[in-house]
Each structure stands twice: as structure tokens, then as C-alpha cells.
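Here's the letter readout for the chains.
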Amino acid sequence: MDNIFGRLTWADVTLFEVFKDPSIDTAVASAAAWIAVLGAVAVVALLTFTRRWGWLWREWLTSVDHKKIGIMYMVLGFVMFARGIFEGVVMRTHQATALDGGILTPHHWAELFSTHGTVMIFFVAMPFITGFMNYLIPLQIGARDMAFPMLNQISLGLTAAGAALVMISLVLGVFETGGWTAYPPFTGAAFDPGPGPDYWVWAIVISGFGSMFSGMNFAVTIYKMRAPGMKYLHMPVFCWTALCTSILLTFALPPLTVAGLMQGLDRLAGFHFFTNDLGGNMMNYANLFWMFGHPEVYILILPAYGIYSELTSTFAAKQLYGYTSLVWATMSIAVISFCVWLHHFFTMGQSPTINAAFGIATAIIAVPTGVKVYVWMATLWRGRIRFTTPIVYMAGFFILFTIGGFSGIILANPAINYQVHNTQFIVAHFHNVLLPGMLFAIFAGIHIWFPKAFGFRLHETWGKVTAALWIAGFSMTFLPLYVVGLMGYPRRSSAYDNPEFVPYMIVTLLGAFVLLTAFAGLVGTFVVSIRNRRDLAVPLGDPWDGRTLEWATPAPPPHWNFPVIPQVRARDAFALEKVEGRPYVVPEEYRDIHLPPSTMAGVMCFLATTGLGFALTWWIWWLAALSAVSVLIWLIGHSLRDHPHVVIPAKEVHRSNQAWIEAIDLATPVDRDHETKRMNRGFAATDMAEAT
Amino acid sequence: MSNAKPMNAHPGMNLGYGEGAHDAEVKVFGFWVFLMSDLVTFGLVFAIFGTMVEATAGGPGPREVTNLHSVAIQTALLLGSSFAFSWASLSMKYHEGRWRTLFYLSFAATSALGFLIIEFLDFRHWIEIGAVPQRSGYLSALWALVGLHGLHVAAGLLWVGAMTAQILIFGLTDDIKSRVTRLGLYWHFLDIVWVGIFSMVFLAGIA
């Protein structure tokens, strides 16, 4: 072995590029690298300075509490989101100047759209929805934790390892340039020897395993851990959507893993799965990738639908209209989502008959989606709607998502698809469904459940202004792309020669700045809320007159979630108790609670797989072997030791629950007109028009 | 669990009616879900292989790589290993002591090790005749499919080793019984996949 760092050399360090060859392009690249490095250094320094390492290790990194793991997923999502947003703004700046050129080199531009897509889908959207599912599923079904708590932590470790690899690529070497789909042979060894596509492959494969394990874990949790009496059709809608997403994760991630590993074999070992020569077949990649890629769309959007469902019924103070239809619609979407993947490459040479079949399947999937929109509208109809931040997001979602959905139906027609294929129209479409569809739901969901997780509400005015900024920013940035797309502006092209595009691209640039402001508004919301946390405190746990079991706990909930596992008789279990006038029942008898012990498995898997991915990217074989062997030995060693449960004595459960019940007894219930006021301490006066 | 009356969902493990049964119910079900996902993985690799059967690019094809003699021995060894494992499962159910279970487990492991050795000899032969994965799309798919199965068997062997150590350390507790049951599912699953490889790759290849 000639080099212990494989093919990694000093020339791959991007930090100093700008000093060697000063230009806007290298300045952007080096600045990004410096931000990544300094950001990491700042976090380490802050933790050291505030002496928080022990706290971080004991309370968070080694915890198997699903609530904490969920919050860590959200934090990971936010860090990566910051990067994705800034990349978006740089890209829009480039496009606004891209008439016959642009501020970035074509290669850097290609890297940007590839990282932006990869980061936003795999390391923003996925952690966000996984975070929500982690936090909510056990609470909503009345369980204490996931079916496999340690595996849950390992999933987080694997996802974070993928994210870490993408972040490392900012500093060392380059990322791939073939878009988030990374189609070979363009990303094959013959055309791009690396390390860019290798970063992509290993980040995706490693985090893909994490997502797959999450899916299995959530599915088993929902199937097997529901509270006694909670039949399938008693589950909160969010759990239904989470179940469908989990099933999709279990079955749709293998194609991505297979595609990624085959691409890895092509690149590392000279196999011929997707190469141009010796019998390789690129179409296999396209099919495998989209067999994952299309269900992935629904993996992301279904939990968002779940959040919108909880949101409408909570803030309209009504039972969800058409629960059963919604469940059927969700299941239908989950099934049909496996039958439409080919619409991502209508133009790649299959027969018109096949295209027609997939086009029809694609159009059909709009039907259950339409059912959902009607369900939410009917729920709001004649409800007693409170105009809180989540409802602002919902309003934006209704209008914008419908536009995005319609453009999807247009694209489902192969004949039209041929015309707008590979133009900005597509970019407009998927941003239109992902931002108002998924991201708005995440933000609305944060406003709803943040008080549950941290014990205080988020600032309403800041929240509403931020929501309005997201809606305006989205509209300005992405709606003009429909027009330039129809005018013939190709997607992913680093420059254009039609001056008519320029005004539109300037509007989208301004829109991108509005989005950046919206992101700042989001950060501001958190900062202002944390500062005013005493005024915003809702320790009693039910600030929104909630309907499902998670609201029947204090905020934040104790590690064990429920002092005794609740008995469920119907849908909207907590709402039913409140309407019947006997919520917060004190259990007759407390028992010791057994909880899974903390473990460092997640951290071990994170370190080992980050090392493995990095080593495979840079051909550092000793590190690859060391990482793989060490994690195997650790896991086997772990299985040979006894890991007794942590026992919470009945006395402590009793004391903690009693303190909460007594606080509720002393509190005055707050009616819905005052829920955003200081007097809202989390004890809601029930106002449900049709609670049951 | 939704039904309050005691249940014994896994009579094959001979657990008590307490927490252990519920625990095993959740974990064994979870393992079935994993196997479904793994089956999808194998299914996809099979499908890719199917599309690449013709893609020999003038290199060695199915006739050159198929040695039915060796494949028959491998099949016998792997199926024999599965058979031995089912005896291990039965003795775990019917006998108190751990030794009988370990005895059959060692048979299962030895037989699977034999399978891997013969498979390795096949691989070596393929390399000798130039049937390396770098030669053609067909060979890439062949190596990936057979190799993925072989890797699963090797991982399974590692698991049997860890399981043996666990049985020696903890004895056949409810928890360990549930683990052995999951390992058994995995073991038999690999047999089913091998039957697919045997018939679709080797038999169909020379048919």
C-alpha cells in the first residue's frame, strides 16, 4: 500500500481553493467548506465551554427513548436544511445571471443541484418525517417505546452517517454531478472516476439501511404495541399514514440499496451492471432507482397527510370527517405508488403501451389524493376554526398543493410529458408538491407538537409571519418555473441563451431571498420562543384541546410516556374522555415500569459506517476493514452481555403522575379563544362541536 | 397486546405465558418483516440477473459456469444444514438441556461451512476460466446473486457462532429461544433462496 490515505491528497482539500485560484466560483466552494469546518468546531467548542459533553452523551446520544431519538432526527434535519436552503439561494443567484454564462462553473453548478437534491430528500425530508414518526407513534398508540429501541438508535446513527459523508464532501474532494438520481453511465467510473459518485453511493446506501430499519421498526410497533382496545380503525390518522409509510420503507428501500450497491460494485470492482460496454444496462438502474424513488415520494408525503389530518380536526374542533375514507385512500396510495415508477422516464424508449399503462396508473393515484383534500375540507366545514399558525400553513397547502397536484396529472400524460420533459416545469412541479405538501406540514406539525416535546408553545406572531413568508417565498420562487419550463428552459442546464427567461429568473431569485428570510423567521421563532418560554409554558400538556393519547400526558412527557398503559375504546381516545367529562383518570394502582437500557450502539454504528463510507470513497482499505470488523465485534460482544432493564419504581411513577394531576386540579381550564395567550398552561377547556 | 387473555403465539418455542411470550411475539414478527424486505432484495437481484442472462458479451456463459455436480453437492449440504437446524429447534422445544440443541446446531454449521467451501471452489474455478465479474454484465449479475447468497450464509455462520456463545453463557432462556427461532427462520429462508438460484441460475442456464 503506497498511501495510508488511499487516493486522498492535499489537493482535495477545498478550504484553500479560493486562495489558489480566486473567483466567485472558488469563493463559494471554499466558503461552504469553511462554514462546515467552523460550524463543527463551534459546536465542539460550545459543548466543551458549557461542559455539556457528559450531558449530551448520557441524555441524548446513548438514549433509546423514542422521543429523544425523534428530536435528534429533527435536529439533524434542520442542520442539513440550512445547507440545502443556502445551496438553493446560490443556485438561484447563478440562474439569474446564467444568460450566456453565470457566476459558477458548469461543474460547480452540477455539484450544487446534485447535493441540493440529495440533501433535501435524504437528509432533510427523511429525517423530518422519521423524527415525527419516532416522536408520535408510541405516544399515539399508547406504548412506552418502539418495538426495537436499540435498532431505532442504530437507524439514527446510520442516517447521520450518510449526512456526515455528504458534509465531509464539502471539505474533502467533490460531490457527484449527475443530480440526486445519479444516473450511470454518466456517474460511472469511465466518465467520473471519483470521488463524487462514491460519496453519493455510500451516503445513500448507509442511510438507506437506516431508513429501512426505521420502517420495519415502526411497522412492528404499530402492529404489535398498540394499547389494549385500540383496534386498527381506532388509530389516529397519523399512525395510519405512518404505518403505510413504514410498509413503503420496508419494501421500497431495497431497490435503492440494490441499485446503490451495484453502482458501487461497478465503480469499485469494475462490474458491468450499468456500464456502456460488455453488456451493462443503464435501464436497470433507472428502473431500480425509481422503484424506490416513486414510493419515496409517498413515504415523504403520507405522514404529512397524517399531520394535516390531525391539524384540521384539532383546530376545527371536530371529529375528522370521513376517517374510513381517509384510511382507505392512504392504503390505496401506498399500494398504487408501487405501480407508477416508470412515469419518471417516459422518454427513455419503452413502448407506448407501457407508457400508457403507467400514465393511467399515475392519473389514478390522484383519486385517493383528491379524496383526502375533500376530507380535510369537509372537516373544516362548519368547524370552529382557530386561525393559528398551523392553519395558516394548511391554507397555503390547500391552494398550492392543489396546483402542484394538477401539474402532476398533466405530467402523467405521456404525450404532454414528452413536451415538458427535462424542463424547469418538472422542477416547479416537484417543489410544488414537496414544499407546500411536505415541508409546510412539518412546520405546522412543529407548531403543534413542539409544546408537547419541550413544554412551551412557539411564538404565534413569529410563527404566522414565518408561515406567510414561506407561502410567499415558495410562490415567487417556484411558480415562475412553470412558465419558463413551458418556454423551453431545460432543467439542470448551467446556462441559457434566451433573454426572455431573465425576468422570471430574477423573480425566482427574489423569491429565494424571501425563502431565506422565512428560514431566518423559523430560527427567530425558536429563539424568541425559547427566550419567552416562561410565558409560553404549557406544562399540563394539552394546549390545543387535543384529541389523541399524546395530549393526555404532561409536556414534556415522562420517559415512560404513560404511568399505566391506557385502555382505548374508540377513535380520538382523549377527546372521548374529555367529552364524557372524565379525562386525567388517576390509575388505581401503580406498578414498576421496565424501560430498555441506554446503549452506545447508535454511536458505534455511526462512527463505523461513517468510517466505512469514507474509506470506500477514498479507497482507504485498512480503514474500511477496521470499521467493518470493529462494529461486528462490538455488536457480537454486545449480544454476549446481559442488559438488564432500567426499572422505574412504582413510587416514582406515582409521585410524578400525582404532581401533574394535582397541578391540573389547581389550574383553570382555558377556552379556545385564549389558547394563544399567556393563560394557556396546557389545560384545555373542551370545546368540541362533534367530539365523537 | 389487544387481547387480554394469555396467549402462546409460538408453541414451537415452548415459552411460558409471561412477558417472554409477548416479547417473542413482537420480535419474531419483526424478523418476518425483515425477511420480507430481504426477499425483495433477492427478488430484485434475481430480476436483474434475468435481464442480463443474454449479456455475456462473448465471454463465458451459463454452460461454462455451471457444474451440476458441484451444485448438487452444495444443495445437499445446504438443505442438510437446514434439516439439522430444524432438529436443533425441536430439541430446544422438547428438551431441557442446552447440549442437544448445540449438538444439532454444530451439524447445521458444519454443513453450511461445507457449502461455502464448495461454493468457494466454484468461484475459484470461474476465475480460472476467466468468468470474472469484470468480463460481462451476465457474469456481474451471476457473481452478485450467488455472492449475495453466499454472503448471507457466511453472515449466518457468524450468527450461529455468536448464538452458540449466547446459549453457553445464558442457557436456553425465553429470550435466547426467541433468538434461536429467528436464526432458524433466517436459515430456512436462505434455503428457499438457494432453491431459486439452483433452479433459475444453474438448471435454467443449461436447459
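Residues numbered from 1 in each chain as written. Chains lettered and ligands numbered in written order. Predicted model: local features only at pLDDT ≥ 70, side-chain atom pairs only at ≥ 80, totals over all residues.

## Looking at the overall build of chain B
Condition: Numbering goes from the N terminus for both helices and strands, where a helix is a DSSP run of H or I of at least four residues and a strand is a run of E of at least two.
Looking only at helices and strands, chain B features 6 helices and 0 strands. The order of α-helices and β-strands along chain B, N terminus first, is α-α-α-α-α-α. By principal-axis analysis of the C-alpha atoms, chain B measures approximately 65 × 35 × 25 Å.

## Remarks on the overall build of chain A
Heads up, the condition is: Radius of gyration here uses only the C-alpha atoms, and the compact-globule reference equals 2.2 Å multiplied by the residue count raised to the power 0.38. Counting other C-beta atoms within 10 Å of its own, a residue is labelled buried from 20 upward, exposed at 12 or fewer, and partly exposed in the gap between, with every C-beta atom placed from the backbone. Remark: residues whose backbone-derived C-beta atoms lie within 7 Å of one another are considered to be in contact.
Scanning chain A from terminus to terminus reveals 21 helices and 2 strands. Computed over its C-alpha atoms, the radius of gyration of chain A comes to 25 Å, within 12% of the 26 Å expected for a compact globule of 692 residues. Taken along its principal axes, the extent of the C-alpha atoms in chain A is 70 × 55 × 50 Å. With 692 residues in all, chain A has 57% of them scored as buried. Counting only contacts in chain A whose residues sit at least 6 apart along the sequence, the fraction spanning at least 24 positions is 83%.

## A few points about unusual backbone geometry
The linkage connecting P184 of chain A with the following residue, P185 of chain A, adopts the cis geometry, with an omega of 0°. With respect to the helices and strands, P185 of chain A occurs in the loop between helix 6 (149-171) and helix 7 (196-224). Here the bond from A555 of chain A into P556 of chain A is cis, since omega is -10°, no more than 30 degrees from zero. Of note, P556 of chain A is situated in the loop between helix 17 (501-531) and helix 18 (573-579). The phi angle at D545 of chain A is positive, at roughly 55°, despite the residue not being glycine. Along the chain, the position of D545 of chain A falls in the loop between helix 17 and helix 18. A positive phi is found at A57 of chain B, a non-glycine position, where the angle reads about 50°. One can find A57 of chain B in the loop between helix 1 (19-52) and helix 2 (62-65).

## Some words on the packing of helix 8 (residues 237-269) of chain A against helix 1 of chain B
Quick reminder of the rule: Between N-to-C directions, angles cover 0 to 180 degrees, with each direction set by a line fitted to C-alpha atoms, over the stretch in contact for helices. Each angle receives one of four descriptions, namely roughly parallel if under 35 degrees, roughly antiparallel if over 145, roughly perpendicular if within 65 to 115, and oblique otherwise. For any pair of crossing helices, the crossing counts as left-handed if the nearer helix is rotated counterclockwise from the farther one by less than a right angle, and right-handed if it is rotated clockwise. When residue character is reported, Ala, Val, Leu, Ile, Met, Phe, Trp, Tyr, Cys and Pro are called nonpolar, Asp, Glu, Lys and Arg charged, and the others, Gly included, polar.
With their axes 9 Å apart at the nearest point, helix 8 of chain A and helix 1 of chain B run at an angle of 40° to one another. The angle between the axes of helix 8 of chain A and helix 1 of chain B places the two elements in the oblique class. As for how helix 8 of chain A packs across helix 1 of chain B, the hand of that crossing is right-handed. Only V33, M36, S37, V40, T41, L44 and V45 of chain B of helix 1 of chain B make contact with helix 8 of chain A, whose side of the interface consists of T250, F251, P254, P255, T257 and V258 of chain A. Looking at the contact of helix 8 of chain A with helix 1 of chain B residue by residue, the class counts come to 9 nonpolar, 4 polar and no charged.

## A closer look at the environment of I169 of chain B
All names here are of chain B. Locating I169 in the fold gives a position in helix 5 (residues 137-170). Residue I169 is classed as exposed on the basis of its C-beta count, with 12 C-beta atoms lying within 10 Å. When the C-alpha positions of I169 and E128 are compared, they lie 45 Å apart, and in sequence the two are 41 residues distant.

## Focus: the environment of Y199 of chain A
Residues and elements named next belong to chain A. Structurally, Y199 can be placed in helix 7. Among the residues examined, Y199 registers 28 C-beta atoms within 10 Å and is labelled buried. As a C-alpha pair, Y199 and L616 span 417 residues in sequence and 8.6 Å in three-dimensional space. Residues contacting Y199, with those up to four places away along its chain left out, are L165, V166, S169, F175, E176 and T617.

## Regarding the interface of chain B and chain A
Each partner contributes residues to the interface: chain B has 32 residues there, and chain A has 34 residues. Take the side of chain B that touches chain A: its biggest share by element is 15 residues, from helix 1 of chain B. For the side of chain B that touches chain A, a count of residues per class yields 19 nonpolar, 11 polar and 2 charged.

## Thoughts on helix 8 of chain A
All names here are of chain A. The criterion, for reference: An expected span of 1.5 Å times one less than the residue number is assigned to each helix. Throughout, bend refers to the angle between the axes fitted to the seven residues that end at a position and the seven residues that start at it.
With 33 residues, helix 8 extends 47 Å between its outermost C-alpha atoms, agreeing within 8% with the 48 Å of an ideal straight helix rising 1.5 Å per residue. At A252, helix 8 shows its maximal bend, which comes to roughly 30°, and the proline P254 appears one to four places after that position. Within helix 8, 30 of the 33 residues are buried, which leaves the element mostly enclosed by the surrounding structure. Following helix 8 by one or two positions, G270 adopts a phi angle in the positive range, close to 75°.

## Here's the deal with the nonpolar core
Convention followed: Throughout this description, the term nonpolar core refers to a group of buried Ala, Val, Leu, Ile, Met, Phe, Trp, Tyr and Cys residues whose C-beta atoms join them within 7 Å.
Counting residues in hydrophobic clusters, the biggest one holds 260 residues, and the most contacted among them are A108 and L142 of chain B. Per-element accounting of this core gives the leading share, 21 residues, to helix 5 (residues 106-141) of chain A. With near-sequence residues (within four places) excluded, L142 of chain B lies in contact with F49, V65 and V201 of chain B. Counting 5 residues, the second-largest nonpolar core is a separate cluster that includes W560, F562, I593 and V653 of chain A.

## Focus: the packing of helix 9 (residues 282-315) of chain A against helix 13 (residues 389-412) of chain A
All names here are of chain A. Direction vectors running N to C along helix 9 and helix 13 enclose 120°, while the axes themselves pass 10 Å from each other. With respect to their mutual orientation, helix 9 and helix 13 come out oblique. Note on packing geometry: the crossing formed by helix 9 with helix 13 is left-handed. On the side of helix 9, the interface is formed by Y308, L311, T312 and F315, while helix 13 contributes P390, I391, M394 and F397. Class assignment of the residues belonging to the contact of helix 9 with helix 13 gives a composition of 7 nonpolar, 1 polar and no charged.

## Focus on helix 11 (residues 352-364) of chain A
Residue and element names in this part refer to chain A. Selection rule: This arc is built from the directions going out from the helix axis to the C-beta atoms.
Compared with an ideal rise of 1.5 Å per residue, which puts 13 residues at 18 Å, helix 11 spans 18 Å between its outermost C-alpha atoms and is within 8% of the ideal. Within helix 11, the full set of buried residues consists of N355, F358, G359 and T362. Viewed end-on, helix 11 has its buried residues packed into an arc of 105°, placing them on one side of the element. Buried residues along helix 11 sit against helix 13 and helix 14 (414-420).

## Regarding the confidence of the model for chain B
Keep in mind that low pLDDT regions are not for reading the predicted coordinates in detail. Residue and element names in this part refer to chain B. Rule in force here: Every residue gets a pLDDT, meaning the predictor's confidence in that residue, from 0 to 100.
When the pLDDT values of chain B are averaged, the result is 92; 93% of them are 70 or greater. Segment residues 1-5: pLDDT under 50, and 6 contacts once partners within four positions in sequence are set aside and those in other chains are kept. Among the scores for the predicted complex, ipTM is 0.94 and pTM is 0.96.

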